[in-house]
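# Report on the structure
If you want the building blocks of each chain, they are given just below.
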Amino acid sequence: MSDEETKPTDFIREAIAEDLKNGRFNYIRTRLPPEPNGYLHIGHVKAFMIDYLNAKENGGELILRFDDTNPAKEETEFVEAIMDDARWLGIEWVKITYASDYFDELYEWAKKLVLMGKAYVDDQTPDEVSANRGTLTTPGKNSPFRDRDVEENMDLLERMKNGEFPDGSRILRAKIDMAHPNINMRDPAMYRIIHEPSHHRTGDKWKIYPMYDWSHGQNDSMEGITHSLCSIEYENHRPLYEWFLDQLGVFKPRQIEFARMNITYTLMSKRKLRRLVEEKVVNGWDDPRMPTLRAMRRRGYTAEAVLEFIRKVGVAKNYSVSDVSLLEACVRDDLNKNSLRRMAVIRPLKVVIDNYPDGQTEEMDAINNPEDPSAGTRKVPFSKVLYIEQDDFRETPPPKYYRLFPGNEVRLRYAYFIKCTHVVKDDKGEVVEVHATYDPTTRGGDSADGRKVKSTIHWVSAEHAKEVEVRMYDRLFTKEDPEEGEEGFLACINPNSLIISTGYVEPSLSSATVGNRFQFERLGYFCVDSDSSPDKLVFNLTVNLKDAWAKMEKKSK
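Reading the values: the criteria
- Residues numbered from 1 in each chain as written.
- Predicted model: local features only at pLDDT ≥ 70, side-chain atom pairs only at ≥ 80, totals over all residues.
- Heavy atoms only, no water.
- Pairing = 2+ DSSP bridges.
- Helix = DSSP H or I, 4+ residues; strand = E, 2+ residues; numbered from the N terminus.
- Contact = heavy atoms within 4.5 Å.
- Axes fitted to C-alpha atoms, helices over the stretch in contact; angles between N-to-C directions.
- Expected span 1.5 Å × (residues − 1).
- Buried < 20%, exposed > 50% of the residue type's maximum accessible area, 1.4 Å probe, protein only.
- Salt bridge = Lys/Arg side-chain N within 4 Å of Asp/Glu carboxyl O.
- Parallel < 35°, antiparallel > 145°, perpendicular 65-115°, else oblique.
- Left-handed = near helix turned anticlockwise from the far one by under 90°.
- Nonpolar A, V, L, I, M, F, W, Y, C, P; charged D, E, K, R; others polar.
- Phe/Tyr/Trp six-rings, centres within 6.5 Å; stacked < 30°, edge-to-face > 60°.
- Arc of directions from axis to C-beta.

### Points about the sheet that holds strand β25 (residues 538-544)
- Across the sheet, which stays open at both edges, the seven strands sit in the order β10-β23-β24-β25-β21-β22-β11 with mixed pairing between neighbours. With partners counted over all chains shown, the strands left at the sheet margins are β10 (340-342) and β11 (344-345), one partner each.
- As defined by bridge partners, strand β21 (residues 466-473) adjoins strand β22 (residues 498-505) across eight bridges and the pair is classed as antiparallel. Bridging across to β22, Arg471 finds its partner in Ile500.
- Sheet strands in contact with helix α13 (residues 324-338) are β10, β23 (517-520), β24 (524-528) and β25, and its direction is about 115 degrees off that of β25.

See the structure below:
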């Protein structure tokens, strides 16, 4: 199959190819226009990759432009974080710009519209502007200030810019059509007055700031953006953007809209995500339960897995919801290929091998990654006292339970067959210690006489194991659509989305550093958390070995 046949395609790629073919544009330039008022989340990744790949595949350019038109919401920390996350995804840009770079030119363009009689200063209150806008079925009403003469509008606009009027007292509006069927065309606001806070880049120079609908299309034109690729909610804004550009007679990019990213059990609203942080439902924007890239990176997701998920979801025009299980499967597949295997016990139960020599230690050969022979092997210490998972023992086993129970024999991974002989219980009747015997002829996991066991369990040597903190993360919400209803997302928080326990890991993990990823055999994929210290490692569950939620949902049907 040729490269041409395997090259990905979708309606955006096809539109761009057609524009190049028919000469509408002879180059391709796209832009990423994030607002520096929050961290990137998985929904932004789709938009970012659409912009980046369409430029890259056509030998074009990508500009990273921060939309810093609202000084009240912007923080420099978000600018740095957005750039870092975009680089993590492998995105490259030719330059970084800011909407504020164009404040002077944009203001001159606004004055041009005023001089053309296409914009005016409105003294109505915000409530009056809203009330007079009309509805989807009824036309709006003209402002009593709509027919001010050009000279008065120019004077008022300049005085607005110079800070002579209080916040909210006046706005500059485009003069289009208050009866237009598209509400966005009913004399939209272009500038509003904002005295405080100071802008993070321009300081106190400006007392008026452009609305997004005014700056967005004009900034694209100023930068020679050929294709303004937007999510579908901007489709009804396109006539407004084109009206501005037509009136000004300037370069006109082509806007193409696509469906937003929606994922089950996942919140995408930046405003609602902020509430989770501010109301301390989660422990910050990088809490591994959040859908932000900071959180996913901390949890142990790889850029390759995230990008594969975006590729599989594809680009569509119509509303759709992707299953979060697909994202988890992409993470699982990537980590399966690339993660070193290690043994760890999260809910420990002590096992004493009574017939194993006191004080003896052996080193067992263990495979680092069966998916990658070049990863080689390692030595794992084995001794008389071990820890196994509590789930790997039952005093009274249920049907088809083949792991350890009194009288049953199992294989210890990479080590020996052991058989449970008896147990020790505490005052509450709980098993606190399992006693067993081992067969010395089964070293490596096979018996000389050919007998078989039905279960293999993992373990760590109690004498050599390192104590660690384990954070078992699960989905933050119990409902598939946590976006449903304004307060609904707070009513469906999963109380078991984070369970912290103390576990034990094999000694080779003592040198693990922040960000290292491993498969804990039979348990899942884990990542060393940034809260770790040399004295206490902290491991985050990245993703389970299997989709546990699918099983639960199947049972509930």
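There's more to say after this.
### Notes on helix α3 (residues 42-56)
- End to end, α3 covers 21 Å across 15 residues, agreeing with the expected 21 Å (1.5 Å per residue, within 8%).
- Taking burial as the measure, the 15 residues of α3 include 11 buried ones, the bulk of the element.
- Where α3 is concerned, the buried positions are Ile42, Gly43, Val45, Lys46, Phe48, Met49, Ile50, Asp51, Tyr52, Asn54 and Ala55.

### Thoughts on the pattern of salt bridges
- By the definition in use, this model includes 54 salt bridges.
- Residue Arg471 pairs with Asp529 through a salt bridge whose shortest N-O separation is 3.3 Å. In this pair, Arg471 sits in strand β21 while Asp529 sits in the loop between β24 and β25, placing the two residues 58 residues apart along the sequence. In this pair, the class of Arg471 matches that of Asp529, namely buried.
- Of the charged contacts, one joins Glu484 and Lys479 as a salt bridge, the two residues approaching to 3.3 Å between their closest N and O atoms.

### Comments concerning the packing of helix α8 (residues 212-222) against helix α9 (residues 238-248)
- Taken N-terminus to C-terminus, the directions of α8 and α9 make an angle of 60 degrees; their axes are 9 Å apart at the nearest point. Of the possible angle classes, the one that applies to α8 and α9 is oblique. Judged by the twist between their axes, the crossing of α8 over α9 is right-handed. Each of Tyr212, Asp213, Trp214, His216, Gly217, Gln218 and Ser221 in α8 lies in contact with α9, whose residues at this interface are Leu240, Tyr241, Phe244, Leu245 and Leu248.
- Among the residues making up the contact of α8 with α9, the classes are represented as seven nonpolar, four polar and one charged.

### As for the packing of helix α5 (residues 103-115) against α8
- Two elements in contact, α5 and α8, have axes separated by 11 Å at closest approach and are oriented at 110 degrees. As far as their axial angle goes, α8 and α5 are roughly perpendicular. For the crossing formed where α5 meets α8, the hand is right-handed. Between α5, through Glu105, Leu106, Trp109, Ala110 and Leu113, and α8, the contact on the second element is made entirely by Trp214, Ser215, Gln218, Ser221 and Met222.

### Here we look at the environment of Met364
- Mapped onto the elements of the fold, Met364 is located in strand β13 (residues 362-367).
- In the structure, Met364 is positioned 137 residues away from His227 in sequence and 60 Å away in space, judged by C-alpha atoms.
- Not counting chain neighbours up to four residues away, the residues in contact with Met364 comprise Arg378, Lys379, Val380, Phe382, Tyr414, Ala415, Tyr416 and Arg443.

### Digging into the sheet that holds strand β12 (residues 348-353)
- Spatial strand order, β19-β16-β17-β18-β12-β15-β20: seven strands in an open sheet with mixed pairing. The open sheet has two edge strands, β19 (456-457) and β20 (460-461), and neither has a second partner.
- Bridge analysis of strand β16 (residues 409-412) against β19 gives two bridges, and the strand direction is parallel. Bridging across to β19, Leu412 finds its partner in Ile457.

### Focus: the packing of aromatic side chains
- The tally for this structure, following the rule as stated, stands at 21 aromatic pairs.
- Look at Tyr356 and Phe382: their rings are 5.3 Å apart centre to centre, the planes differ by 75 degrees, and that puts the pair in the edge-to-face class. On the criterion of sequence distance, the pair formed by Tyr356 in the loop between β12 and β13 and Phe382 in strand β14 (residues 377-382) is long-range, its members being 26 residues apart.
- The exposure class assigned to Tyr356 is buried, which follows from its relative accessible area of 2%.
- Here the aromatic rings of Phe520 and Phe526 are separated by 4.4 Å at their centres, their planes lie at 15 degrees, and the arrangement is stacked. For the pair Phe520 and Phe526, one class covers both residues: buried.

### Concerning helix α2 (residues 11-22)
- The end-to-end C-alpha distance of α2, which contains 12 residues, comes to 16 Å, matching closely the 16 Å that a straight helix rising 1.5 Å per residue would cover.
- Turning to α2, its buried residues number three or more, namely Ile12, Arg13, Ala15, Ile16 and Asp19. Projected down its long axis, α2 shows its buried positions confined to an angular sector of 165 degrees, all on one face.
- Contact partners of the buried residues in α2: α3, β8 (227-231) and β9 (254-258).

### Considering the pairing of β16
- Side chains Glu409 and Arg411 of β16 all project onto a buried face; the interleaved residues Val410 and Leu412 project onto the opposite face, where all are buried too.
- Where β16 lies against strand β17 (residues 417-425), three bridges are found, and the strand directions are antiparallel. Residue Val410 lies in a different strand from β17, and its bridge partner there is Ile418.
- Connecting the antiparallel pair β16 and β17 is a turn made up of four residues, with Tyr414 showing a positive phi of about 65 degrees.

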